[in-house]
Amino acid sequence: VNITQGSKVATSNLAVQASLVSMFPNPTKDVLHIDFGVNFSGNIQIIKSNGALVYTEDIQQQENATLLMDNYDTGLYFIKISNDETNIVKKILKQ
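Below is a short write-up of the structure. Within every chain, residues take consecutive numbers counted from 1 along the sequence as written. Given that the model is predicted, a residue must reach a pLDDT of at least 70 before its local features are reported, and side-chain atom pairs must reach 80 or more before they are shown or counted; all residues, however, enter totals for whole chains, interfaces and linings. In computing side-chain values, all of the structure's heavy atoms are included and hydrogens and water are not.

## Overview of the overall build of the chain
Put simply, the rule is: Each helix is a run of DSSP H or I of at least 4 residues and each strand a run of E of at least 2, with the numbering of both proceeding from the N terminus. For the exposure calls, accessible area comes from a 1.4 Å probe over protein chains only, and a residue counts as buried if that area is under 20% of its type's maximum, exposed if over 50%, partly exposed in between. The contact rule is simple, with two residues in contact once any of their heavy atoms fall within 4.5 Å. Residue exposure ignores everything except the shown protein chains as possible cover, and the areas themselves are Shrake-Rupley values with a 1.4 Å probe.
Each helix and strand in the chain was counted, giving 0 helices and 7 strands. Tracing the chain from N to C terminus, the helices and strands come up as β-β-β-β-β-β-β. Within the chain, the fraction of its 95 residues that count as buried is 41%. Relative to all contacts within the chain whose residues are 6 or more apart in sequence, the contacts with residues 24 or more apart total 54%. Surface accessibility of the chain: about 5,400 Å² in total, with carbon and sulfur atoms responsible for 45%.

## Here's the deal with the side chain of Lys94
The line we're drawing: His is not counted, nor are the chain ends, whereas Lys and Arg count as positive and Asp and Glu as negative. For this document, the term salt bridge refers to a Lys or Arg side-chain nitrogen within 4 Å of an Asp or Glu carboxyl oxygen. A 3.5 Å cut-off defines polar contacts: any pair of N or O atoms within that distance qualifies, except that in protein one atom must be a possible hydrogen donor and the other a possible acceptor, and neighbouring residues in sequence count only when both atoms are side-chain atoms.
Along the chain, Lys94 turns up in strand S7 (residues 87-94). In this structure Lys94 is buried but unpaired, with Asp70 as the nearest side chain of opposite charge at 7.2 Å. At a separation of 3.4 Å, a polar atom in the side chain of Lys94 contacts the main-chain carbonyl oxygen of Tyr72.

## Focus: the nonpolar core
Formally: Here, nonpolar core refers to any group of buried Ala, Val, Leu, Ile, Met, Phe, Trp, Tyr and Cys residues whose side-chain atoms link them within 4.5 Å.
Counting 19 residues, the largest nonpolar core has Met23, Ile34, Phe36, Ile44, Ile79 and Ile81 as its most contacted members. Contributions of two or more residues to this core are made by strand S4 (31-48), strand S5 (53-68), strand S6 (75-82) and S7. Ranked by the residues each element gives to this core, the list is headed by S4, at 6 residues.

## Concerning the environment of Gly75
Along the polypeptide, Gly75 turns up in strand S6. Between the alpha carbons of Gly75 and Lys94 there is a distance of 5.2 Å; along the sequence they are 19 residues apart. In contact with Gly75, not counting residues within four places along its chain, are Ile92, Leu93 and Lys94.

## Examining the packing of aromatic side chains
So the rule is basically this: Pairing of aromatic rings covers Phe, Tyr and Trp, the last through its six-membered ring, and needs centres within 6.5 Å; plane angles under 30 degrees mean stacked, over 60 mean edge-to-face, and all others mean tilted.
Under the defined criterion, the tally for this structure stands at 2 aromatic pairs. Note on Tyr72 and Tyr77: the rings are 5.9 Å apart at their centroids and 50 degrees apart in plane angle, and the pair reads as tilted. You'll find Tyr72 and Tyr77 in the same group, each marked buried.

## Regarding the pairing of S4
Here is the rule: A pair of strands is labelled paired if DSSP reports no fewer than 2 bridges between them.
Bridge count for strand S3 (residues 22-24) against S4 is 3 bridges, and the pairing is antiparallel. Bridging across to S4, Ser22 finds its partner in Asp35. Between the antiparallel neighbours S3 and S4 lie 6 residues. Judged from the 12 bridges that link them, S4 and S5 form a sheet pairing that is antiparallel. Note on S5: the bridge partner recorded for Ile44 is Glu57. Where S4 hands over to S5, the hairpin turn is made up of 4 residues, of which Gly51 adopts a positive phi near 95 degrees. In the sheet, S4 pairs with S6 via 6 bridges, with the strands oriented antiparallel.

Shown next, in the form of structure tokens:
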């Protein structure tokens with residue numbers, strides 16, 4: 001997995017800085033909310049700390065997303081948000 005922090009994600013005519021993408025609550029027990037701030041088209045992945053991909057979803061023109069985390073083991077995960085332009089990766093803790 002190629003991880004780049006602080007890169008931009010192109011969304012139509014707008015760009016989102018990684019620092020503007022918010023994920024809450026963190027740590028989470030069952031549901032993780034992601035706010036992109038603008039309409040975003042791309043892919044969301046949940047990756048375990050050992051690099052194993054446990055979830056992937058393509059999204060089209062969404063301002064936010066909700067990921068169900070209740071079936072995942074406790075521990076550190078990476079949420080990767082990507083499209084053709086770049087990647088944003090954020091850490092979350094599952095309790």
